[in-house]
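Breakdown of the fold
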Amino acid sequence: MNSPAGIPDKPSLDGIESSLVAQWETEGVYRFDRSATRDQVFAIDTPPPTVSGSLHIGHVFSYTHTDTVARFQRMRGKTVFYPIGWDDNGLATERRVQNFTGVRCDPSLPYDDGFSAPFHGDVPKDHRATPVSRPNFVELCREITHLDEQAFEELFRRLGLSVDWSLLYTTIGDRARRVSQRAFLRNLARGEAYQQDAPTLYDIDERTAVAQAEMEDRDVPGAYHQLAFHRVDGQGDLVIDTTRPELLASCVAMVAHPDDPRFQPLFGTTVRTPLFGVEVPVLAHHLAEPEKGTGIAMICTFGDITDVTWWRELNLPSRALIGFDGRFAAEAPEWITTDAGREAYAHIAGLAPKQAQKKVVELLQASGEMLGDARPISHPVKFYERGTRPLEIVATRQWYIRNGGRDNDLRDALVERGNELTWHPSYMQHRYDNWVGGLNGDWLISRQRYFGVPIPVWYGVDTDGNPDYATVLVPREDQLPIDPSTDVPEGYTADQRNVPGGFIGDPDVMDTWATSSLTPQIAGDWGDSNELFDRVFPMDVRPQGHDIIRTWLFATMVRSHHEHGTPPWRNAALSGWILDPDRKKMSKSKGNTVTPMHLLEQYGTDAVRYWSASGRPGVDTAFDEGQMKIGRKLALKLLNVSKFVLGFGEPSADATISASIDRAMLGRLAGVVDDATSAFEGFDYARALERTEGFFWWFCDDYVELVKARAYGTQDEAGAQSARAALRLALSAVTRAFAPFLPFVTDEVWRWWQPGSVHAAAWPTADELGTGISASESAAAIEPVSEVLAQVRRAKTEAKVSQRAAIDTLVVHAPDAARTAVEAALADLRDAGSIASVTFVTGEQIVCEVTLAPVADTPAS
RNA sequence: GGGCGUGUAGCUCAGUUGGUUAGAGCACUGCCUUCACACGGCAGGAGUCGGGGGUUCGAGUCCCUUCACGCCCA
């Protein structure tokens with residue numbers, strides 16, 4: 001058969017990606033229409049990937065899921081707002097820059113405009129980080145992230161994501177800084193943002209405060225130490241168990257459960273701490289656990305979060321000793337008044353907690369105030385999720401945004417906002433509810449870091465030269481973005497910086513989540529003119545990983561609730577993770593990640609997308625190259641069957657689809673299209689793919705085999721026209737139904753015979769297939785025919801002859817209804833099976849007796 | 001300790017409100033060089049649906065209980 005013009009003789013998948021990617025860009029297939037009204041728009045709040053290294057196969061997986069939905073909605077006629085951003089600010093980037101270039105930021109240094117980084121990768125192990133100014137450090141961060149961003153873009157384009165690249169943003173870019181600072185100032189004006197001097201979880205290595213969402217418990221070895229406190233009434237000792245004896249100098253009280261009869265008589269009395277001799281009260285609080293240790297504990301400021309609660313609720317003094325450097329204060333504090341106590345403190349002054357513990361234990365053992373030996377245990381301790389040493393609690397001034405952690409009304413309102421979302425899958429909402437319900441403080445957003453969005457305020461400086469944090473100077477919104485370390489507040493001049501009566505800039509930046517919680521506002525260009533924003537907000541869907549519900553999803557909800565009084569989206573679509581073959585989560589730290597580029601090259605993009613799209617929403621999925629092989633097979637099959645079907649040529653203008661089996665095939669396809677459509681509407685791309693794929697293989701294996709002879713013209717003209725028209729109609733619909741999953745091969749074959757891109761074509765509907773045949777009628781017409789065909793094939797396989805081998809007689813035992821269906825397709829069956837004659841016998845089930853034609857002995861005949 | 005999820009063939013997974021004999025692909029085995037496709041086609045074997053109990057005419061599906069694994073939180 002000669003291929004018509006436009007159809008290659010040897011269709012191939014090789015190289016189709018690069019030419020189509022370029023074509024899509026030129027044709028603007030995925031360009032957002034800024035004149036569309038909100039009801040015509042489908043808006044996606046795409047996750048901006050963290051730019052700190054390389055993309056791995058997990059990115060391919062989840063971004064493909066969203067892309068299939070975007071393509072579906074576009075084909076349904078929506079104008080799809082599908083932006084992309086790079087999350088490039090934050091600690092992850094700072095670390096990468098430090099490790100890659102061998103520098104560290106020292107904000108006290110002046111800018112050096114001739115500076116260049118000592119290394120670009122391969123920093124020697126013995127290199128001591130070169131200190132650089134903050135502006136130089138930020139420049140390096142921008143340089144390195146820019147390189148990474150180019151690599152990300154290349155991969156995402158190669159992956160065929162139908163994002164509108166003209167909507168690209170970065171979380172450190174001007175637009176993001178402007179939006180982030182504007183939102184903060186609005187929070188501040190409404191009282192949702194506030195500063196507070198309070199105990200804060202603090203990473204002493206990174207030297208920054210850490211939010212509740214960023215910490216995690218890790219089981220670490222520790223030990224119980226039994227310490228004797230001395231009753232002031234001289235009636236003996238009170239013995240406690242503690243894992244942190246080094247904090248003894250920070251002890252402010254003892255605490256036991258109010259119902260505990262062992263300690264009830266002691267409430268209201270005082271004891272003296274061992275070693276330091278500080279007099280502290282014995283108090284009652286319900287959080288004290290009678291079963292834990294000796295049933296009574298010491299409260300230190302601050303050993304853990306419970307200490308903070310006790311400190312607050314029992315109105316205790318603050319006796320913090322560990323500073324920002326993670327070391328004990330150099331001078332003995334004023335509350336230690338005895339000479340012996342001050343002498344003891346001198347031993348731990350300036351030490352880190354671990355060394356201090358060792359020293360305190362030695363001293364206690366020497367004084368006899370520690371009973372017995374330390375008893376090793378394993379217990380959970382709070383860590384910054386990126387940190388290596390336990391968090392300390394340090395009293396500092398920080399900025400917070402109210403998130404319901406200290407306000408039940410707000411908490412309830414945020415839970416209610418969660419109810420306004422449709423969650424996919426629905427059980428993911430529990431994680432949100434649990435997280436919101438379990439909050440125990442507001443959201444700490446200030447970070448003592450460098451590569452981030454500056455907190456856009458200054459403070460007055462009093463006549464003594466001390467910052468007056470109560471006098472907050474703010475910029476106007478039209479001045480944003482600003483950097484308070486270089487910009488000057490209105491009414492001041494630059495030479496008034498840091499001088500009495502002048503001003504001082506806030507040195508901190510915002511937590512990266514404080515900016516990424518505004519992705520809908522950043523992507524939608526929220527601001528003075530909301531021409532774009534009003535067309536896209538609230539967005540239709542937030543796709544994201546289930547592990548960041550407590551951070552990204554929740555934070556975005558908080559900002560939108562405060563600013564807009566609405567959820568930021570209608571749907572939340574949570575994707576699962578990629579697991580390695582041992583069912584462990586793929587992550588960089590485990591070293592089991594797989595990079596995607598070679599897979600895209602080896603199997604083709606469509607094949608990798610096929611594997612991705614077969615991972616069901618929210619379900620963790622094993623990395624499986626086998627699925628990619630199947631995806632490649634599928635793409636090849638579509639290529640080949642398209643060539644075959646189109647090779648029959650166009651049916652005549654008056655062709656009618658009259659053959660029963662043709663109409664039944666289209667009826668089955670109509671049901672599949674309906675199913676795929678409703679699956680997609682519920683974000684279940686995997687089901688849409690599965691249904692379409694199931695139809696497609698049946699179509700190729702059975703239907704095409706059955707009708708190909710008729711389509712060639714072996715029967716009458718009407719039959720040929722019917723087959724050709726039905727084949728083309730089905731091919732068109734199937735190509736479009738596969739388009740969201742296999743964007744390359746579908747567009748390749750579509751362009752052989754249709755104008756424009758398949759991605760600009762309409763999503764198939766049951767109506768256009770025009771049969772009006774129900775699913776059960778289709779099945780009744782098809783299944784007996786498929787069954788007979790299968791039995792004929794089996795007979796040939798068992799006889800070890802070719803499927804082309806001729807059959808003399810076929811006797812079909814079948815119930816009447818099945819017989820009617822088989823007779824309707826009898827000519828096709830005889831062609832497909834090379835069957836000379838067929839007779840029917842009434843029977844319960846379909847059973848075929850096959851008599852093969854004798855095979856000639858001589859090979860030459 | 002609380003919450004959520006998962007457990008179906010050697011592997012990866014479908015199985016919608018309970019309804020014939022539990023499905024698909026991979027892998028494996030056999031056959032077919034066939035005129036769209038050998039980067040192919042046709043066919044085959046293979047499962048006590050994690051265990052136990054219950055509801056029901058009927059349970060992979062609903063209820064209870066238990067085990068294993070994973071995740072989130074404390």
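Residues numbered from 1 in each chain as written. Chains lettered and ligands numbered in written order. Predicted model: local features only at pLDDT ≥ 70, side-chain atom pairs only at ≥ 80, totals over all residues. Heavy atoms only, no water.

1. Focus on the environment of His 813
Definition in use: Numbering goes from the N terminus for both helices and strands, where a helix is a DSSP run of H or I of at least four residues and a strand is a run of E of at least two. Any two residues whose heavy atoms approach within 4.5 Å are treated as being in contact.
Looking at where His 813 falls in the secondary structure, it is placed in strand β28 (residues 807-814). With residues up to four places along the chain from it excluded, the contact list for His 813 reads Val 841, Gly 843, Gln 845, Ile 846, Val 847 and Glu 849.

2. A few points about the pairing of strand β21 (residues 467-473)
In plain terms, the rule: Should DSSP find at least two bridges between two strands, the strands are regarded as paired.
Pairing analysis gives four bridges linking strand β20 (residues 458-461) to β21, with the strands arranged antiparallel. Bridging from a neighbouring strand, Gly 460 pairs with Asp 468 of β21. Where β20 folds back onto β21 in an antiparallel hairpin, the turn is made up of five residues, including Gly 465, whose phi is positive at roughly 90°.

3. Examining the pattern of salt bridges
Just so we agree on the cut-off: Note on definitions: salt bridges are taken to be side-chain nitrogens of Lys or Arg within 4 Å of carboxyl oxygens of Asp or Glu. Buried residues are those whose accessible area, probed at 1.4 Å on protein chains only, stays under 20% of the maximum for their type, while exposed residues exceed 50% and partly exposed ones sit between those limits.
Within this structure, the stated rule accounts for 48 salt bridges. Measuring nitrogen to oxygen at the nearest pair gives 3.3 Å for the salt bridge that ties Arg 31 to Glu 25. Of the residues examined, Glu 25 reaches a relative accessible area of 36% and is grouped as partly exposed. Where Arg 272 meets Glu 279, a salt bridge forms, and the shortest distance between an N and an O atom there is 3.5 Å. Relative accessible area serves as the criterion here: at 36%, Arg 272 is assigned to the partly exposed category. Taking the relative accessible area as the measure of exposure, Glu 279 reaches 39% and is therefore partly exposed.

4. What to know about a negative patch on the surface
So the rule is basically this: Candidates for patches are residues over 30% relative accessible area with no salt bridge; among them, like charges are joined within 9 Å and nonpolar side chains (Val, Leu, Ile, Met, Phe, Trp, Tyr) within 5 Å. We get accessible surface area from the Shrake-Rupley algorithm with a probe of 1.4 Å; when it comes to residues, only the shown protein chains can shield them. Positive charge is attributed to Lys and Arg, negative charge to Asp and Glu, and no charge count is given to His or to the chain ends. All charge positions are set by atom: Lys at NZ, Arg at CZ, Asp at CG, Glu at CD.
A cluster of acidic side chains, namely Asp 112, Asp 113, Glu 139 and Glu 143, defines a negative patch on the protein surface. By secondary structure assignment, the location of Asp 112 is in the loop between β4 (103-105) and β5 (130-132).

5. Quick word on the confidence of the model for chain A
Under the convention used in this document: Residue-level confidence of the predictor, termed pLDDT, takes values from 0 up to 100.
Mean pLDDT over chain A: 90, with 98% of residues reaching 70 or higher. Every residue in residues 857-861 scores below 50 in pLDDT, and together they form one contact with partners more than four places removed in sequence or on other chains. Confidence estimates for the predicted assembly give a pTM of 0.88 and an ipTM of 0.94.

6. As for the nonpolar core
The test is simple: We define the nonpolar core as a collection of buried residues of types Ala, Val, Leu, Ile, Met, Phe, Trp, Tyr and Cys that are connected through side-chain atoms lying within 4.5 Å of one another.
Ile 57, Phe 699 and Tyr 703 are the most contacted members of the largest nonpolar core, which has 121 residues in total. Ranked by residue count, the leading element in this core is helix α19 (residues 685-712), at 14 residues. If you look at the next biggest cluster of nonpolar residues, it comprises 67 residues, including Ala 36, Leu 185, Ile 455 and Ala 523.

7. A look at the environment of Glu 416
Within the secondary structure, Glu 416 is located in helix α9 (residues 408-420). Relative accessible area serves as the criterion here: at 41%, Glu 416 is assigned to the partly exposed category.

8. Looking at the protein's contact with RNA strand B
Note the following rule: The nearness test applies per residue and asks whether one of its heavy atoms lies within 4 Å of the molecule or strand. Here a polar contact means two N or O atoms within 3.5 Å. Within protein one must be a hydrogen donor candidate and the other an acceptor candidate, and residues neighboring in sequence count only if both atoms are side-chain atoms. Gly is put with the polar residues, along with every residue not named as nonpolar or charged; the nonpolar set is Ala, Val, Leu, Ile, Met, Phe, Trp, Tyr, Cys and Pro, and the charged set is Asp, Glu, Lys and Arg.
Residues in contact with RNA strand B amount to 39 residues; listed here are only the nearest, Arg 550, Leu 636, Arg 687, Tyr 712 and Arg 804. For RNA strand B, the backbone makes up 69% of the atoms found within 4 Å of the protein, where backbone means sugar plus phosphate. Between Lys 633 and RNA strand B, the recorded distance is 3.1 Å, taken from a side-chain N or O atom to a phosphate oxygen. Here Arg 687 contributes a side-chain N or O atom positioned 2.6 Å from a base nitrogen of RNA strand B. Elements that contribute at least two residues to the surface near RNA strand B include exactly α10 (429-437), α17 (625-647), α19 and α23 (775-798). Looking at side-chain class alone, the surface near RNA strand B contains 12 nonpolar, eight polar and 19 charged residues.

9. Looking at unusual backbone geometry
In the segment running from His 424 into Pro 425, the intervening peptide bond is cis, with an omega of -10°. On the secondary structure map, Pro 425 appears in the loop between β17 (422-424) and α10. For the peptide bond that leads from Phe 537 to Pro 538, omega is -5°, which places it in the cis range. Assignment of secondary structure puts Pro 538 in the loop between α13 (533-536) and β24 (539-545).

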